[in-house]
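Chains, contacts and geometry: an overview
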Amino acid sequence: MMTKSSLSAQTYSQTEAQKWVDEQFTTILNSQNAMPHHCSKESLDLHCPLREDVLLPGVHTLGVLGGGQLGRYFLMAAKQRGYSTVLWTPEQTPPAKGLSDKVIHAPFDDEVALAEFAKTADAVTVEFEAVPIPTMLALESLGCRVRPSSKAIAVCQNRALERAFLVANGIAVAPHVVVHRKTELETAFMTLGEAPCIVKTTRFGYDGKGQRRITTLDELKQAWKELEGSPEAPLLVEHLIPFKREVSILMARGIDGSRRNYPLVENQHINGVLNMSFMPAPETQGHTLLQAEDIAKRLVKALNYVGILCVEFFEMEDGSLLVNELAPRPHNSGHFTIEACHVSQYQQQVNALTGMPLGNAEMHVKAVGLMNLLSNRWSKKGDSPNWQELLSRYPRLSVHLYGKKELRPNRKMGHITLTKKDTAMVESAFDEINAMLTTYD
Ligand code: ATP
Ligand code: MG
């Protein structure tokens, strides 16, 4: 077991982290010209400066980059409020297809698509963080309201920058080293005390993809090879944390700096993929909750954030928290805010984007649980879960399917949620449901 002092050890200081973050921001801003486009506010006939800050139902159009399930629920919430919508997605049949008034199918570096999207959308948000920053900067320069900003997205899409940003803001994270060259691996391993570690790609990782667990230097070298580490694609090597459990918090921040946060959520993963979540996180100590809220509060302020931010934590035995990662958008662990809270994370995303007052994030039920349905719940022959049996046993079960056709390994195809009088009842229902659902190889 690692001691508490070793967990708080950092390989670089807060000042060094701040300096590096500032340098990175300068580089990122300079990447503005990387998105080739010949349009301007004037050529697109956009008003300069762009219109009022509050966007109105029936008048304005909301744009979203990315068409996954999170985009799908954002579009539903926007529609429920009476906004027109435009979706920009490189995919031909994304889960959000069919839910937007207008869809632009094109890669995110397509100049024509940029002009079309900027002309249509009065305000823009994202449903995933791996959006090219030059595209975000181009949208900002064309006068679209981009919420959260390109800067906030830039921090959250790069694990190295995200870690440095957290350290610069005095927020505890796992001891880590960012490795740029194969020759640095041995020093990194020694610096981390030759402890069991987890190696992560700094970009484009999700659902535990692009990660390897290592205990020896040889395994670290192997991971470097497999994850294709290079000076352009450095790897993050960090202690494997012996956490008590994982928790997350969702916080929304409006254009006026007002904030609302949802109750703390407990998350249970299998092989790096979220399996189940429970809200409120049971048996949470008061100081843990305060710490989670305080960290989220400091982060949204430091990022000058407008939108909804998820902070994922490792909770230690003593109830203290280490930040694992940030998601600048609604989160898988917040799907059940639709069924359990007065205002869902998606409605809150719409509120923040449109400059409307944030809504009540409290629960109107005692307990809610979510179980992800991965591709292994469907057979290659086309068998689905036995919905009839499940819904006869649990008539109040909410079933969400994302319309994905292709069964890729560990792909999130949908989820179910259930509300009950307490978490223990949700847990035992989920045990039963888990046994009722067939799992295919
Ligand atoms: P997602 O996008 O689904 O949240 P991700 O691919 O971005 O996941 P992480 O959140 O960094 O990756 O890691 C996925 C899971 O792997 C974590 O939720 C946790 O269960 C485990 N994990 C990651 N880092 C560590 C660590 N340092 N120590 C112990 N477990 C870890
Ligand atoms: Mg994560």
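All figures in this text were calculated on a predicted structure; none of them were measured in a lab.

1. A closer look at the coordination of the magnesium ion (ligand 2)
Looking at the magnesium ion (ligand 2), one finds its protein donor set to be Glu 312 (OE) and Glu 325 (OE), positioned 2.1 Å from the metal centre. Taken together, the residues Glu 312 in strand 14 (residues 307–315) and Glu 325 in strand 15 (residues 321–327) connect sequence positions 13 residues apart. Note on accessibility: Glu 312 and Glu 325 belong to one class, buried.

2. Overview of the site of ligand 1
Ligand 1 sits among 21 residues. The nearest are Lys 200, Gly 208, Glu 238, Glu 246 and Glu 325. The separation between an oxygen atom of ligand 1 and a polar side-chain atom of Glu 246 is 2.6 Å. In isolation ligand 1 exposes 610 Å². Once the protein is present, 94% of that is buried. For the shell around ligand 1, the per-class residue count stands at 6 nonpolar, 7 polar and 8 charged. In terms of domain composition, the shell around ligand 1 takes at least three residues from each of domain 1 (4–30 + 157–239) and domain 3 (245–436).

3. Notes on the sheet that holds strand 4 (residues 123–126)
Taken in spatial order, the 5 strands make up an open sheet running 3-2-1-4-5, and their pairing is parallel. Looking at strand neighbours, the two that pair on one side only are strand 3 (102–105) and strand 5 (145–146), the edges of this open sheet. Summarising the sheet, strand 2 (residues 84–89) and strand 3 pair through 4 bridges and their orientation is parallel. For Thr 89, the partnering residue across the bridge sits in strand 3 and is His 105.

4. Here we look at a nonpolar patch on the surface
Taken together, Val 54, Leu 56, Val 59 and Ile 255 make up a surface patch of nonpolar side chains, about 300 Å² in accessible area. Here Val 54 shows up in the loop between helix 2 (14–30) and strand 1 (61–65). Note on Val 54: relative accessible area 32%, which makes it partly exposed.

5. Observations regarding the packing of aromatic side chains
Inspection of every chain in the model, using the stated rule, returns 7 aromatic pairs. Arranged with centres 5.3 Å apart and planes meeting at 55°, the rings of Trp 88 and Phe 117 form a pair that is tilted. Of this pair, Trp 88 sits in strand 2 while Phe 117 is found in helix 4 (residues 111–120), placing the two residues 29 residues apart along the sequence. Among the residues examined, Trp 88 registers a relative accessible area of 0% and is labelled buried.

6. Comments concerning helix 14 (residues 423–436)
An ideal rise of 1.5 Å per residue puts 20 Å on 14 residues; helix 14 measures up with 20 Å between its terminal C-alpha atoms. The backbone nitrogen of Ala 424 lies 3.1 Å from a side-chain oxygen of the residue at the head of helix 14, namely Asp 422.

7. Things to note about the side chain of Ser 398
In this structure, Ser 398 sits in strand 17 (residues 398–401). Engagement of the side chain of Ser 398 in a polar contact is seen with the side chain of Glu 339, the distance being 3.5 Å.

8. Focus on the pairing of strand 6 (residues 176–179)
Of the two faces of strand 6, the one holding His 176 and Val 178 and the one holding Val 177 and Val 179 are both buried throughout. Alignment of strand 6 against strand 9 (residues 235–239), held across 4 bridges, turns out to be antiparallel. Paired with Val 179 across the strands is Leu 235, a residue of strand 9.

9. Focus on the pattern of salt bridges
Under the defined criterion, the tally for this structure stands at 18 salt bridges. Measuring nitrogen to oxygen at the nearest pair gives 2.5 Å for the salt bridge that ties Arg 329 to Glu 129. Of this pair, Arg 329 sits in the loop between strand 15 and helix 11 (337–340) while Glu 129 sits in the loop between strand 4 and helix 5 (133–141), and the two are 200 residues apart along the sequence. Classification of Arg 329 as buried rests on a relative accessible area of 14%. Within the structure, one salt-bridge network assembled from shared partners comprises Lys 244, Arg 245, Glu 266 and Glu 315.

10. So, the environment of Glu 219
Following the sequence through the fold, Glu 219 ends up in helix 9 (residues 217–226). On the basis of relative accessibility, which here comes to 35%, the residue Glu 219 falls in the partly exposed class. Each C-alpha atom, one on Glu 219 and one on Ile 416, is 38 Å from the other, the two residues being 197 residues apart in sequence. Polar side-chain contacts of Glu 219 include one of 2.6 Å to the backbone nitrogen of Thr 215.

11. Considering the nonpolar core
Within the largest apolar cluster, 61 residues are counted, with the highest numbers of intra-cluster contacts made by Leu 65 and Val 311. Top element by residues in this core is helix 7 (residues 159–168). It accounts for 6 residues. Not counting residues up to four positions away in its chain, the partners in contact with Leu 65 are Trp 88, Phe 108, Phe 117, Val 124, Thr 125, Val 126, Glu 127, Phe 128, Val 131, Met 136 and Leu 139. In terms of nonpolar packing, the next biggest core, distinct from the first, is built from 20 residues, Leu 250, Ala 252, Tyr 262 and Ala 327 among them.

Cut-off values and rules
Residues numbered from 1 in each chain as written. Chains lettered and ligands numbered in written order. Predicted model: local features only at pLDDT ≥ 70, side-chain atom pairs only at ≥ 80, totals over all residues. Heavy atoms only, no water. Donors = N, O, S within 2.8 Å, 3.2 Å for Na, K, Ca; no water. Helix = DSSP H or I, 4+ residues; strand = E, 2+ residues; numbered from the N terminus. Buried < 20%, exposed > 50% of the residue type's maximum accessible area, 1.4 Å probe, protein only. Near = heavy atom within 4 Å. Polar contact = N/O pair within 3.5 Å; in protein donor to acceptor, adjacent residues only side chain to side chain. Areas by Shrake-Rupley, 256 points an atom, 1.4 Å probe, with all protein chains shown as cover. Nonpolar A, V, L, I, M, F, W, Y, C, P; charged D, E, K, R; others polar. Domains from an automatic or database assignment. Pairing = 2+ DSSP bridges. Patch = residues over 30% accessible without salt bridge, like charges linked within 9 Å, V, L, I, M, F, W, Y side chains within 5 Å. Salt bridge = Lys/Arg side-chain N within 4 Å of Asp/Glu carboxyl O. Phe/Tyr/Trp six-rings, centres within 6.5 Å; stacked < 30°, edge-to-face > 60°. Expected span 1.5 Å × (residues − 1). Core = buried A, V, L, I, M, F, W, Y, C linked by side-chain atoms within 4.5 Å. Contact = heavy atoms within 4.5 Å.

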